[in-house]
Amino acid sequence: MKADRIRDGARAILPLTPPAFAFGASFAVLAHAAGVGGLAATVMSMTTFAGSAQVATVSILGTGGGLAAAVVAALLLNARYGAISVAIGPRFHGGVLRRLVESQLIVDESWAVSVGPDAQIARRVLIGAGGTLWSFWTAGTVAGALAGGAIGDPNRLGLDGAFPALFLALLAPQLRGRRAIAAAALGAAIAFVLIPFTPAEIPVVAAVAACVVGWRR
């Protein structure tokens, strides 16, 4: 691979850095409202780096839920990374510590921009994209923690609708064939059916079953 591929990943992810910063700030505001301190929220962003899981955790804690329930919800929301990691794993080399650090940068956005037309993963692109996004997410959390409750309800800024819009933007370039379109449609259908009846994290995990349309012998 070219030595500049990490820079390619950083450039590819730049359009998504403003919403990452805003999401990080809104997470810190939600954490503040739930009684989670700014330092704890920042450390969580640095080490967890998973927006939906972090929001679910502080939301459960903020409504009086137990730590076990918050951890289970976060694990369920992040279960999709198991399938992503299986696909990406062969591209990661070196010792356990190196792979552990690099795997921290695997998120939906970095994975999406690193998948080539041949469905192969460009590892350095993923690292560049993930590292850049991590920086903005963490910086946003710090900004939100410093602002405390001054921002108010982040949903009034429209951030509750920004998450779906972001994932639709990531999905669009991946719809290159009938199998991809079928998997996307099936995943959406599964989530749509389950949303009214199950906890928020279940439809996300169940929708992964749509991957079976791409299963080959």
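The structure we're discussing is the one just above.
Source: prediction; values computed, not measured.

A.B. asks: Residue-level account of the packing of helix α1 (residues 5–13) against helix α9 (residues 123–147), with values.
C.D. replies: Packing of α1 against α9 leaves a shortest axis separation of 6 Å and a crossing angle of 50°. Considered as vectors, α1 and α9 are oriented oblique to each other. Seen from above, α1 lies across α9 with right-handed handedness. Listed contacts from α9 to Arg-5, Ile-6, Asp-8, Gly-9, Ala-10 and Ile-13 of α1 are Arg-124, Val-125, Gly-128, Ala-129, Thr-132 and Leu-133. Partitioned by chemical class, the residues of the contact of α1 with α9 number six nonpolar, three polar and three charged.

A.B. asks: Go over the pattern of salt bridges with me, naming the residues and quoting the values.
C.D. replies: Side chains carrying opposite charge are able to pair once their charged atoms draw close together. Under the criterion given, the structure shown has four salt bridges. Its salt-bridge partner being Asp-8, residue Arg-5 comes within 3.5 Å of it at the nearest N-O pair. With a gap of three residues between them, Arg-5 and Asp-8 both fall in helix α1, about one helical turn apart. For Asp-8, a relative accessible area of 24% gives the class partly exposed. In this structure, Asp-8 engages Arg-11 in a salt bridge whose closest nitrogen and oxygen atoms are separated by 2.4 Å. One end of the pair is Asp-8 and the other is Arg-11, both in helix α1 and three residues apart, which spans about a single turn. Among the ionic contacts, a cluster of salt bridges with common partners joins Arg-5, Asp-8 and Arg-11.

A.B. asks: Go over the nonpolar core with me, naming the residues and quoting the values.
C.D. replies: The tendency in soluble globular proteins is for nonpolar side chains to be buried as a group. Membership of the largest hydrophobic core comes to 21 residues, with the highest contact counts inside it found for Ile-88, Ile-106, Leu-126 and Leu-133. Mapped by element, the contributors of at least two residues to this core are α2 (17–33), α6 (80–88) and α9. When residues no more than four places from it in sequence are discounted, the contact partners of Leu-126 are Ile-88, Phe-92, Leu-105, Ile-106, Ser-110, Trp-111, Ser-114 and Ile-121.

A.B. asks: Give a description of the packing of aromatic side chains that names residues and reports values.
C.D. replies: With the rule as written, the count across this model stands at one aromatic pair. Summarising the aromatic geometry, the rings of Phe-27 and Trp-137 are spaced 6.2 Å apart at their centres and angled 25° between planes, so their arrangement reads as stacked. One end of the pair, Phe-27, is in helix α2; the other, Trp-137, is in helix α9, with 110 residues separating them in the sequence. When sorted by exposure, Phe-27 lands in the same class as Trp-137, which is buried.

Each value, and the rule that gives it
- Residues numbered from 1 in each chain as written.
- Predicted model: local features only at pLDDT ≥ 70, side-chain atom pairs only at ≥ 80, totals over all residues.
- Heavy atoms only, no water.
- Axes fitted to C-alpha atoms, helices over the stretch in contact; angles between N-to-C directions.
- Helix = DSSP H or I, 4+ residues; strand = E, 2+ residues; numbered from the N terminus.
- Parallel < 35°, antiparallel > 145°, perpendicular 65-115°, else oblique.
- Left-handed = near helix turned anticlockwise from the far one by under 90°.
- Contact = heavy atoms within 4.5 Å.
- Nonpolar A, V, L, I, M, F, W, Y, C, P; charged D, E, K, R; others polar.
- Salt bridge = Lys/Arg side-chain N within 4 Å of Asp/Glu carboxyl O.
- Buried < 20%, exposed > 50% of the residue type's maximum accessible area, 1.4 Å probe, protein only.
- Core = buried A, V, L, I, M, F, W, Y, C linked by side-chain atoms within 4.5 Å.
- Phe/Tyr/Trp six-rings, centres within 6.5 Å; stacked < 30°, edge-to-face > 60°.

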